[in-house]
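Fold and contact review
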Amino acid sequence: MPSRMAQIRLVSGHPEVYEPCDDSFALVDALLADRKNLLEHQPVFCMEVGCGSGYVITSRAIMLKQEDSAASVSYFATDINPHAVRVTSETLKAHTVHAEVLCDNIASSGLEKRLWGKVDVMVVNPPYVPTPEDEVGREGIASAWAGGENGRTVIDKILPVADKLLSSKGWLYMATLAANDPSQICLVMKEKGYASRIIVQRSTEEESLHVIKFWRDPDLQVGEPKDRSNGNPC
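Nothing here was measured: the structure is a model prediction, and the numbers come from that model.

Some points on the overall build of the chain
- Counting its secondary structure elements, the chain contains seven helices and eight strands.
- Across the 234 residues of the chain, 51% fall into the buried class.
- Accessible surface, the chain as shown: approximately 10,900 Å² in total, 50% of it carbon and sulfur.

Below is the structure:
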């Protein structure tokens, strides 16, 4: 059986680019766990915000590429680190898959207008490590992890943008730490009309990771979410 994820040996690197780590693996595991649902979902536009090495966006393209129905899927990847844009492009090329890779912060660019309401699947591995606020948005590799107070500064900026970009059937997968208060993040998204479910939860020596899936639920206020994907309620 062909691999359903990117091969680490083919993942490009750079000293200023975040390498695949526990959170990257957790995101890919979450997508694999939800792969059947993703195939049935038949996404047309897929996006990753904060692509880093390209391991996650490449893995997602590979796991969907194996189905004929995925031939028309368009992939977009963004990162504010120009080195990450180059590295992701190299990783994609090494695996013979394609995505449009842009140096972009999505919150203040033309991409937001271009993809408004069109993204069917969005994956975000945000800078979530609690740090002093003055470390947020620094150049280079620090941009991949410095998350400000409670690690929420960047997350709280991404959530409303994700709401604008996601299609009516859009799904959002986001990696978070326990320190980010995932339950409160779910409440923020619930106010926007999203149900949520934890797809992957695991503890490492340094952190407690959660990968949360969000989806629009028109019946959120009157009943339980219709989607019974693998995972636990957030």
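A closer look at the pattern of salt bridges
- In total, this model carries six salt bridges according to the counting rule given.
- One salt bridge in this structure joins Arg202 and Asp29, with 2.9 Å as the shortest N-O distance. Separated by 173 residues along the polypeptide, Arg202 in strand β6 (residues 194-203) and Asp29 in helix α1 (residues 22-33) bring together distant segments of the chain.
- Classification of Arg202 by relative accessible area gives partly exposed; the value is 30%.
- In this structure, the salt-bridge partner of Glu90 is Arg86, at a minimum N-O distance of 2.8 Å. With Glu90 and Arg86 both in helix α4 (residues 82-94), this residue pair falls four residues apart, about one helical turn.
- On the basis of relative accessible area, Glu90 is assigned to the partly exposed category, the value being 32%.
- By relative accessible area, Arg86 is classed as partly exposed at 37%.

Some thoughts on the side chain of Asp79
- You can see Asp79 is positioned in strand β2 (residues 74-79).
- The side chain of Asp79 is buried and forms no salt bridge, while Arg60, the nearest opposite charge, is found at 12 Å.
- Within the local environment of Asp79, its side chain forms a polar contact with the backbone nitrogen of Cys51, the two atoms lying 3.2 Å apart.

Calculation criteria
Residues numbered from 1 in each chain as written. Predicted model: local features only at pLDDT ≥ 70, side-chain atom pairs only at ≥ 80, totals over all residues. Heavy atoms only, no water. Helix = DSSP H or I, 4+ residues; strand = E, 2+ residues; numbered from the N terminus. Buried < 20%, exposed > 50% of the residue type's maximum accessible area, 1.4 Å probe, protein only. Areas by Shrake-Rupley, 256 points an atom, 1.4 Å probe, with all protein chains shown as cover. Salt bridge = Lys/Arg side-chain N within 4 Å of Asp/Glu carboxyl O. Lys, Arg positive; Asp, Glu negative; His and termini not counted. Polar contact = N/O pair within 3.5 Å; in protein donor to acceptor, adjacent residues only side chain to side chain.

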